[in-house]
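Here is what each chain is made of, one letter per residue.
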Amino acid sequence: MSQLRLNPLTGRWVTVAAERASRPGELISRQLPVEADPSRKCPFCPGNEEATPPALETYGPGGTWLVRVVPNLFPAFEGNEPLRVQNLGPVFTQASASGVHEVLVFSPEHTHTWADLDDKHAGLAMAAIRDRMEDHARRTTVRYTQAIVNAGREAGASLEHPHGQLLGIPFVPGEIAEEEAGFRRFGESCLLCTMAEAERQADHRVVIDDEKVLVVCPYWSGAPYEMLVLPRTHEVHLESTAPADVVAVGRAIRDALALLRSKVGDTAYNLVFHTAPHHHDGPFHWHVHIVPRLTSLAGFEQGTGVMINIVAPELATRHLTG
Ligand SMILES: [Zn+2]
Ligand SMILES: [Zn+2]
Ligand SMILES: [Zn+2]
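Let me begin by describing the structure that accompanies this report. Here the structure is a predicted model, which means the values were calculated and not measured. (Residues numbered from 1 in each chain as written. Chains lettered and ligands numbered in written order. Predicted model: local features only at pLDDT ≥ 70, side-chain atom pairs only at ≥ 80, totals over all residues. Heavy atoms only, no water.)

### What about the overall build of the protein?
The following threshold applies: Helix and strand labels come from DSSP, where a helix needs a run of H or I of at least four residues and a strand needs a run of E of at least two; each type is numbered from the N terminus. Using C-alpha atoms as the atom set, the radius of gyration is obtained and then compared with a globule rule of 2.2 Å times the number of residues to the power 0.38. A simple rule labels every residue: compare its accessible area, found with a 1.4 Å probe on the protein chains alone, to the largest value its type can have, and call it buried under 20%, exposed over 50%, or partly exposed in between. Two residues form a contact once any of their heavy atoms are found within 4.5 Å.
Along its length, the protein carries 7 helices and 14 strands. Relative to its length of 322 residues, the protein is compact, with a C-alpha radius of gyration of 20 Å against a globular reference of 20 Å. Taken along its principal axes, the extent of the C-alpha atoms in the protein is 50 × 50 × 40 Å. Per-residue burial for the protein yields a buried fraction of 47% across its 322 residues. Within the protein, counting contacts between residues at least 6 apart in sequence, those at least 24 apart form 66% of the total.

Here you go:
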């Protein structure tokens, strides 16, 4: 069972998931290419469904699946306990890491990525994320759900087969609390509605502009070719967004990743879905960060949280759209 421990220097929780990699050798082998062990059957390929716990949801035409959601075999968050903070002396603060940890297998094709999904399939992947978030929101102990896709070893993927993860956690994480504070500081109007309009007017950081979604290399990009996917319709929560708008975001992500692959190369990346905590009603505007892993975080970024981006977003946009 995982445990939450509070870092009193930052006020942020750390999850100690002891069972995931217990021997030093296992940590080293995580640095090998994703396909380290060809003798092991891929647990996410069709035909190997018994290698995972039974599916929570499947999507696709009768009998076959295109998208499948299964419980994570090694959950970092598990159980229904509410967050009960225990102080073991002045500096040791802990709580149980209750919550849910699910895997989103968004294609039966072992070598496909989100960039290879057709329109309908990209929409199904988003619909699955929306449905799971709706389910998490009904659980009183889950306060926030983080959906992610790690693609490539440098982005933290441990299996090659394309998949994402949904982590329903019992507290509002620091990163989201900071974004919520950003919306509040901005005042009356919505920060991201205003940003979308300002980026459209400036025009030179716009990667994709359709009637439902805007994709930009944001003005404040911290990493080369970082992109921000902004649904045009203002909604606080991903799970309360109209299906057509959710599906449009899935297509825009596909198009943005296809541009990244064709113009920059087959790079590792993270998709980070940010939505408001389940029982907060804003201000917030859900969105998706696409963060390519072309450079690694070094001591300065680690020490200060200040990113040094060696490719200006205006130049990145020109490369992506040129
Ligand atoms: Zn596979
Ligand atoms: Zn907005
Ligand atoms: Zn965000």
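Still to come is the rest of the account.
### Side note on the coordination of the zinc ion (ligand 2)
Rules: Coordination here is defined by N, O and S atoms within 2.8 Å of the metal (3.2 Å for Na, K and Ca), and since water is not considered, a site can look incomplete. Square planar and octahedral sites, with four and six donors, are those where opposite donors lie more than 155 degrees apart and all other angles lie between 65 and 115, tetrahedral sites have four donors with every angle between 85 and 135 degrees, and the rest are irregular.
The protein atoms that coordinate the zinc ion (ligand 2) are Cys190 (SG), Cys193 (SG), His234 (ND1) and His285 (ND1), at distances of 2.0 to 2.3 Å. Geometry at the zinc ion (ligand 2) is tetrahedral, judged from its 4 donor atoms and the angles of 107 to 115 degrees they form at the metal. Sequence spacing among the residues donating to the zinc ion (ligand 2) works out to C-x2-C-x40-H-x50-H. Of this pair, cysteine 193 sits in helix H4 (residues 191–202) while histidine 234 sits in the loop between strand E12 (227–231) and helix H5 (243–263); the two residues are 41 residues apart in sequence, bridging distant segments of the chain. What makes cysteine 193 partly exposed here is its relative accessible area of 29%. Residue histidine 234 is classed as partly exposed on the basis of its relative accessible area of 37%.

### Considering the pattern of salt bridges
Applied cut-off: Should a side-chain nitrogen of Lys or Arg be within 4 Å of a carboxyl oxygen of Asp or Glu, the pair is scored as a salt bridge.
All told, the structure shown has 18 salt bridges when counted by the stated rule. Between arginine 12 and glutamate 178 there is a salt bridge whose closest N-O contact spans 3.0 Å. Taken together, the residues span a long stretch of sequence, with arginine 12 in strand E2 (residues 12–16) and glutamate 178 in helix H3 (residues 174–186) at a distance of 166 residues. Between arginine 261 and aspartate 116 there is a salt bridge, with the nearest N and O atoms lying 2.9 Å from each other. One end of the pair, arginine 261, is in helix H5; the other, aspartate 116, is in the loop between strand E7 (100–105) and helix H2 (119–137), with 145 residues separating them in the sequence. Relative accessible area serves as the criterion here: at 33%, arginine 261 is assigned to the partly exposed category. The exposure class assigned to aspartate 116 is partly exposed, which follows from its relative accessible area of 30%. The structure contains a network of salt bridges with shared partners spanning Glu57, Glu102, Arg132, Asp135, Arg138 and Arg139.

### Quick word on the pairing of E12
Heads up, the rule is: Two strands qualify as a pair provided that DSSP identifies no fewer than 2 bridges between them.
When you tally the buried positions in E12, you get 5 out of 5 residues, the bulk of the element. By the alternation rule, side chains of E12 split into Met227, Val229 and Pro231 and Leu228 and Leu230, which are all buried. As judged from the 4 bridges shared by strand E11 (residues 213–216) and E12, these two strands associate in the antiparallel manner. Each bridged residue has a counterpart across the sheet, and for valine 215 the counterpart in E12 is valine 229.

### Section: a nonpolar patch on the surface
The condition that has to hold: What goes into a patch is any residue over 30% in relative accessible area without a salt bridge, connected to like charges within 9 Å or, for nonpolar side chains (Val, Leu, Ile, Met, Phe, Trp, Tyr), within 5 Å. Computed by Shrake-Rupley with a 1.4 Å probe, the accessible areas treat only the displayed protein chains as cover when residues are assessed.
Among the surface-exposed residues, Phe300, Val306, Ile308 and Ile310 lie close enough to one another that they form a single nonpolar patch of about 410 Å² accessible area. Of note, isoleucine 310 is situated in the loop between helix H6 (299–304) and helix H7 (313–321).

### A short note on the coordination of the zinc ion (ligand 1)
At this site the zinc ion (ligand 1) is bound by Cys42 (SG), Cys45 (SG), His110 (ND1) and His161 (ND1), with donor distances of 2.0 to 2.3 Å. With 4 donor atoms in place around the zinc ion (ligand 1) and angles of 107 to 118 degrees between them, the coordination shape is tetrahedral. Sequence spacing among the residues donating to the zinc ion (ligand 1) works out to C-x2-C-x64-H-x50-H. Both residues of the pair, cysteine 42 and cysteine 45, belong to the buried class.

### Focus on the packing of aromatic side chains
Put simply, the rule reads: Aromatic pairing here means that ring centres of Phe, Tyr or Trp (its six-membered ring) are within 6.5 Å. Orientation follows from the plane angle: under 30 degrees is stacked, over 60 is edge-to-face, and everything else is tilted. Any Lys NZ or Arg CZ found within 6 Å of a ring centre and within 35 degrees of that ring's normal is scored as a charge over the ring.
A full pass over the atoms with the stated rule returns 4 aromatic pairs. An angle of 50 degrees between the planes, with centres 6.2 Å apart, marks the rings of tryptophan 13 and phenylalanine 171 as tilted. Taken as a pair, tryptophan 13 in strand E2 and phenylalanine 171 in the loop between strand E9 (164–169) and H3 lie far apart in primary sequence, 158 residues in all. Under the relative-accessibility criterion, phenylalanine 171 is labelled buried at 11%. Ring geometry for tryptophan 114 against phenylalanine 273: centres 6.3 Å apart, planes inclined by 40 degrees, an arrangement best described as tilted. A residue pair is termed long-range when its members are at least 10 positions apart, and tryptophan 114 in the loop between E7 and H2 and phenylalanine 273 in strand E13 (residues 269–274) qualify at 159 residues. For phenylalanine 273, a relative accessible area of 0% corresponds to the buried category. The structure contains a cluster of three or more aromatic residues connected by ring pairs, namely Phe106, Trp114 and Phe273. For arginine 68, the ring lying beneath its charged end belongs to tryptophan 65, and the centroid distance is 5.8 Å.

### A look at H5
This is how it is decided: To estimate how far a helix should extend, the number of its residues minus one is multiplied by 1.5 Å.
The end-to-end C-alpha separation of H5 is 30 Å, in line with the 30 Å expected for 21 residues at 1.5 Å each. The complete set of buried residues in H5 reads Asp245, Val246, Ala248, Val249, Gly250, Ala252, Ile253, Arg254, Ala256, Leu257 and Leu260. Two residues or fewer after H5 comes glycine 265, characterised by a positive phi angle close to 125 degrees.

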